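Observations on chain architecture
Each chain is listed here by its residues.
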Amino acid sequence: MEVFDEDKAVDFILESLKRNGIEKNYTADDILEVIDIIWDYYEDNGLLDLDMAEDSNSESNEDADKVALIEHVVKMIKKDRGTNIDTDHIPAIVEAELAYEAQCDEF
């Protein structure tokens, strides 16, 4: 396990997006924009204060949380008129970011 690192997260996400053939659409800055939105969402919702070891979310709650997160990112990206991010690609980007988080032991 490792500590969350934005640069490694970007690399991980871009590598993950290669499987979908959409990585060429995005720069590191584009991916960082999504990561920042995700972490702002965590902070705004008190999710950074939780002890993850004590978190007992059921799988259905995790799915609902993921859907809420994706919806939030889509909403924020739609507000940003200068973004290069296609809202159809946000679920894949968020899924990849969550997969990177899962392999980290410290946020």
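Numbering of residues starts from 1 in every chain and runs along the sequence as written. Totals for whole chains, interfaces and linings use every residue, but because this is a predicted model, local features are given only for residues with pLDDT of at least 70 and side-chain atom pairs only at 80 or more, for both listing and counting. Neither water nor hydrogens contribute to the side-chain values; these are computed over all heavy atoms in the structure.

One finds Ile31, Ile35, Ile38, Val73, Ile90, Ile93 and Val94 to be the most contacted residues of the largest nonpolar core, which totals 28 residues. Under the scheme used here, helices are H or I runs from DSSP no shorter than 4 residues and strands are E runs no shorter than 2 residues, and both carry numbers assigned from the N terminus. Of all the secondary structure elements, the ones that give two or more residues to this core are α1 (6-18), α2 (28-44), α3 (59-79) and α4 (90-102). No other element matches the 8 residues that α2 contributes to this core. In what follows, residue pairs with any heavy atoms lying within 4.5 Å of each other are defined as contacts. Here Val73 is in contact with Val34, Ile37, Ile38, Ile90 and Val94, once residues within four sequence places are set aside. In these notes, a set of buried Ala, Val, Leu, Ile, Met, Phe, Trp, Tyr and Cys residues joined through side-chain atoms within 4.5 Å is what counts as a nonpolar core. Think of it in three bands: residues with accessible area under 20% of the maximum for their type are buried, residues over 50% are exposed, and the middle band is partly exposed, with areas taken using a 1.4 Å probe on protein chains only.

Inspection of the secondary structure puts Asp30 in helix α2. Neither His nor the chain termini are counted; the positive set is Lys and Arg, and the negative set is Asp and Glu. The working definition used for a salt bridge is a side-chain nitrogen of Lys or Arg within 4 Å of a carboxyl oxygen of Asp or Glu. With no salt bridge to any partner, buried Asp30 finds its closest opposite charge in Lys24, at an N-O distance of 15 Å.

Another point: the packing of α1 against α4. Lines fitted to C-alpha atoms define the axes, with helix axes restricted to the stretch in contact, and inter-axis angles between N-to-C directions lie between 0 and 180 degrees. Two elements in contact, α1 and α4, have axes separated by 9 Å at closest approach and are oriented at 130°. One element, α1, and the other, α4, form an angle in the oblique class. Where α1 crosses over α4, the handedness of that crossing is right-handed. Taken together, the residues of α4 that come into contact with α1 (itself represented by Lys8, Ala9, Phe12, Ile13, Ser16 and Leu17) are Ala92, Ile93, Ala96, Glu97, Ala99 and Tyr100. Its residues placed into classes, the contact of α1 with α4 shows 9 nonpolar, 1 polar and 2 charged. The labels follow the angle: roughly parallel below 35 degrees, roughly antiparallel above 145, roughly perpendicular from 65 to 115, and oblique for the rest. For any helix crossing, the convention is left-handed if the near helix is rotated counterclockwise from the far helix by under a right angle, and right-handed if that rotation is clockwise. Only Asp, Glu, Lys and Arg are considered charged in this grouping, and only Ala, Val, Leu, Ile, Met, Phe, Trp, Tyr, Cys and Pro are considered nonpolar; every other residue, Gly among them, is considered polar.

Glancing now at the packing of aromatic side chains. Any pair of Phe, Tyr and Trp rings, taking the six-membered ring for Trp, is counted once the centres come within 6.5 Å. Such a pair is stacked with planes under 30 degrees apart, edge-to-face with planes over 60 apart, and tilted for the rest. Per the counting criterion, the structure on display carries 4 aromatic pairs. Between the aromatic rings of Phe4 and Trp39, the centroid separation amounts to 4.9 Å while the plane-to-plane angle is 55°, which identifies the pairing as tilted. Here Phe4, found in the loop between β1 (2-3) and α1, pairs with Trp39, found in helix α2; they are 35 residues apart in sequence, far enough to count as distant. Here Trp39 falls in the buried class, since its relative accessible area comes to 14%. Pairing Phe4 with Tyr100 gives two aromatic rings, centres 5.2 Å apart and planes at 70°, and the pair type is edge-to-face. In this pair, Phe4 sits in the loop between β1 and α1 while Tyr100 sits in helix α4, placing the two residues 96 residues apart along the sequence. Per residue, the accessibility class of Phe4 equals that of Tyr100, and both read buried.

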